[in-house]
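Here are the chains, one letter per residue:
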Amino acid sequence: MPARWFRPHIDWWLLVFPVGMLGVMFVLVLVLERGQDRLVGLFITGLGLAVVGGLFWGSGYQVESDRLVVRVGVFRWTVPLEGVHRVRRGGWVHLSSSFRVMRLRGAFSHRNLVLEVKGRFWHEVVVSPADERGFLETLRTYAPHIRIEVTP
């Protein structure tokens, strides 16, 4: 089977802050009086829009025959499927940092999945695929040893 790509589910409230800040920057640029300052401000605003767009729309999860690739913007991490032993439902708490449990947070939603991993730097990998059912079916196909404790 070929590798499958899954887009992340993105909560609306995650977009409010960066898009709002870019809107404020754009309005401030419009009130600048000098032409060169306005041009620099438009460039910085455009660059910020590109970074935010790349972060949200350049992210996703690719399940291959032996690994899961988590992409968040320009960053990319690989998790071997042989090390994943359990998948369970996450929640709000898994979106935050923890000093007790090392988490790779690639989720953009409070409705997320936690993959428990053995033998890695991270003990949990948090993802939020938009097609959750397809993601779980693909995991079952490639790694039948994983205990999936998620009900749709």
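Now for a quick tour of the structure. For clarity, every value in this text was computed on a predicted model and none was experimentally measured.

## Things to note about the side chain of Glu124
Then comes step 1: Take Glu124: it is sitting in strand 8 (residues 124-127).
Then comes step 2: For Glu124, a relative accessible area of 8% translates into the label buried.
Then comes step 3: Among the polar contacts listed, one links the side chain of Glu124 to the side chain of Arg88, at a separation of 2.7 Å.

## Structural notes on the nonpolar core
Then comes step 1: Formed by 29 residues in total, the largest nonpolar core has its most connected members in Leu68, Val87, Leu115 and Phe135.
Then comes step 2: For this core, the secondary structure elements donating two or more residues are helix 2 (35-57), strand 2 (60-63), strand 3 (67-72), strand 5 (84-89), strand 7 (113-117), strand 8 and helix 3 (132-142).
Then comes step 3: When residues in this core are grouped by element, the largest group, four residues, is from helix 3.
Then comes step 4: If we ignore the near neighbours within four places in the chain, the residues touching Val87 are Leu113, Val114, Leu115, Leu136, Leu139, Ile146, Arg147, Ile148, Glu149 and Val150.

Scoring rules and cut-offs
Residues numbered from 1 in each chain as written. Predicted model: local features only at pLDDT ≥ 70, side-chain atom pairs only at ≥ 80, totals over all residues. Heavy atoms only, no water. Helix = DSSP H or I, 4+ residues; strand = E, 2+ residues; numbered from the N terminus. Buried < 20%, exposed > 50% of the residue type's maximum accessible area, 1.4 Å probe, protein only. Polar contact = N/O pair within 3.5 Å; in protein donor to acceptor, adjacent residues only side chain to side chain. Core = buried A, V, L, I, M, F, W, Y, C linked by side-chain atoms within 4.5 Å. Contact = heavy atoms within 4.5 Å.

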